[in-house]
Amino acid sequence: MYILGIETSCDETSCAVLKNNRILSNSTLSSAQVYKKYGGVVPEIASRRQYEYIHRVFQDALQKAHIRGCDIDVIGVVQGPGLVGSLLVGLAFAKALSFSLAKPYLGVNHLYAHLYAPFFSKHTPEFPFLGYVISGGHTHLYLVKDFDTIVLAGKTRDDAAGEVFDKVARAYHLGYPGGPAVERIFDKRYKDRYSFKCGKFLGGLDTSFSGIKTSVVYTKEALEKSRNRPLTLQEKAAILSSFQEAVVTALADTALKAAEVYRIKTIVCGGGVTANRRLREVLHAKARSRGLTVFFPELRLCADNAANAAGLAYRLYQKGYRSSFNEGVYSTVLS
Ligand code: KG4
Ligand code: ZN
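Quick caveat, the model's predicted, so the values are computed rather than measured.

S.K.: How should the sheet that holds strand E2 (residues 12–19) be read in this particular structure?
M.R.: For sheets, the rule is that strands pair by backbone hydrogen bonds, running either parallel or antiparallel. Taken together, the five strands give an open sheet; going across it, the order is E3-E2-E1-E4-E5, and neighbouring strands pair in mixed fashion. In this open sheet, the two edge strands, each paired with only one partner strand, are strand E3 (22–30) and strand E5 (105–109). With strand direction ignored, the average angle separating the axes of adjacent strands in the sheet is 20°. With respect to the sheet, helix H1 (residues 43–65) is in contact with strand E1 (2–7), E2 and E3, its orientation differing from that of E2 by roughly 25°.

Structure, rendered in structure tokens:
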């Protein structure tokens, strides 16, 4: 069976083809370059780019998978959450294909799709697991009994972890996206130089990242004022290494606390921020010492991509789920 995946939730236009659970192609065109001068995604531009790119990306995915449109058996599309204008392009494309090919389509949840990424590996997670989606728009912790039985266990009360990387990097003139820029400048020797802290909520699994963002931005301003000059790259590295360490430690500690609360031995991570090597290192080390297993996606599957959506759609299709044409953006096959 061939499954076509479509993901247009933000600034990536992505189409993938799976043969059952095997990825044959995963073509992605990003408009991220455009936003460097704005320091973040501009929704109106992003949706226009989706519209320009979608057909090209679709053709590319078919070509790389060596199939034709008429070979597609099922279509899986990210239906939300995300930028409404961008989502609309993928959804309209999926519906049109579904109608013209007379093949079913399934609208899937963007965040659950991130958690599907490790299911392409040889060793896959066992249910139930804790799913931690750490991305530019979300920092959501789930209890996952199966992909159609998912309960929210905790989330950020303000900024998402990736959003904070982006905003801090912008204030430090490091460009967009901020996560990879901060990771590049990270130096372990400076990880404890400044004592930044992320917000926690007593007894719960919610997090807060806006306080640390403000604190890191003010630190730069205060130092520049007292020294009467801009910070050097090394001075920035010292602050941002401590910042990254505080964020990854807070994320790892929250995941471990959730595992304890729910008495679960498996943690599955997904989303753009999970590409961060230090996060992987810290979480693996902490989990190992408590006998927990952590699954991270392959690096190419961390950020938004259509293979994750196709994989999740395939799983739900096998369980009998289908979407109907009168469903709009944000109402997925499960809602
Ligand atoms: O999952 P994603 O591609 O899009 C959303 O669904 O939001 O995540 C994008 C986010 C951006 O905020 C980006 O700065 C962050 O992931 N990111 C990273 C790294 N690579 C991407 N954050 C920290 N370290 C990285 N290596
Ligand atoms: Zn995402």
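Additional details are given in the paragraphs that follow.
S.K.: Just to check I follow, could you spell out the site of ligand 1 for this structure?
M.R.: Residues in close proximity to ligand 1 total 20 residues, the closest being Gly136, Asp166, Gly179, Glu183 and Gly272. The contact in question runs from a nitrogen atom of ligand 1 to an N or O atom on the side chain of Glu183, over 2.6 Å. Considering ligand 1 on its own, with 550 Å² of exposed area, one finds that the protein chains cover 88% of that surface. Mapped onto the shell around ligand 1, the elements with two or more residues apiece are helix H3 (110–116), helix H4 (161–171) and helix H5 (178–185).

S.K.: Please explain the packing of aromatic side chains as it appears in this structure.
M.R.: The description of an aromatic ring pair uses the distance of the two centres, along with the angle that the planes make with each other. Under the defined criterion, the tally for this structure stands at 15 aromatic pairs. Ring geometry for Tyr116 versus Phe147: centroids 5.5 Å apart, planes at 55°, classification tilted. Of this pair, Tyr116 sits in helix H3 while Phe147 sits in the loop between strand E7 (139–146) and strand E8 (149–155); the two residues are 31 residues apart in sequence, bridging distant segments of the chain. Taking the relative accessible area as the measure of exposure, Tyr116 reaches 4% and is therefore buried. On the basis of relative accessible area, Phe147 is assigned to the buried category, the value being 0%. Seen from their ring centres, Phe119 and Phe129 are 6.0 Å apart, and the 40° between their planes marks the pair as tilted. Placement of the pair is Phe119 in the loop between H3 and strand E6 (129–134) and Phe129 in strand E6, with a sequence separation of 10 residues. Accessibility assignment for this pair places Phe119 and Phe129 in one class, buried. Sitting over the face of the ring of Phe201, Arg157 holds its NZ or CZ atom 3.8 Å from the ring centroid. Across from the ring centre of Tyr172, 5.9 Å away, lies the NZ or CZ of Lys220, which sits over that ring.

Here is what the cut-offs are and how they apply
- Here the residue numbering is sequential within each chain, running from 1 through the sequence in written order.
- Think of it this way: whatever chain is written first is A, whatever ligand is written first is 1, and the rest follow in order.
- For this predicted model, a pLDDT threshold of at least 70 governs which residues receive local features, and a threshold of 80 or more governs which side-chain atom pairs are given and counted, while totals over whole chains, interfaces and linings are taken from all residues.
- In computing side-chain properties, one takes all heavy atoms of the structure into account and sets aside hydrogens as well as water.
- Note on pairing: two strands pair once DSSP finds at least 2 bridges between them.
- Comment: elements are numbered from the N terminus, with helices defined as DSSP H or I runs of at least four residues and strands as E runs of at least two.
- With axes taken as lines fitted to C-alpha atoms, and helix axes fitted only over the stretch in contact, angles between N-to-C directions fall between 0 and 180 degrees.
- Contact criterion: two residues are considered in contact whenever any of their non-hydrogen atoms come within 4.5 Å of each other.
- Note on definitions. A residue lies near a molecule or strand when any single heavy atom of the residue is within 4 Å of it.
- The term polar contact refers here to a pair of N or O atoms within 3.5 Å; inside protein, the definition further demands a hydrogen-donor-capable atom paired with an acceptor-capable atom, and it admits residues adjacent in sequence only when both atoms are side-chain atoms.
- Each accessible area is a Shrake-Rupley estimate made with a 1.4 Å probe; only the visible protein chains count as cover when residues are assessed.
- Two rings from Phe, Tyr or Trp (for Trp, the six-membered ring) form a pair when their centres sit within 6.5 Å of each other. Planes less than 30 degrees apart are called stacked, planes more than 60 degrees apart edge-to-face, and all others tilted.
- The cut-offs for exposure are 20% and 50% of the maximum accessible area for each residue type, with area from a 1.4 Å probe on protein chains only; residues under the lower value are buried, those over the upper are exposed, and the others partly exposed.
- The rule for a charge over a ring is simple: NZ of Lys or CZ of Arg within 6 Å of the ring centre, and within 35 degrees of the ring normal.

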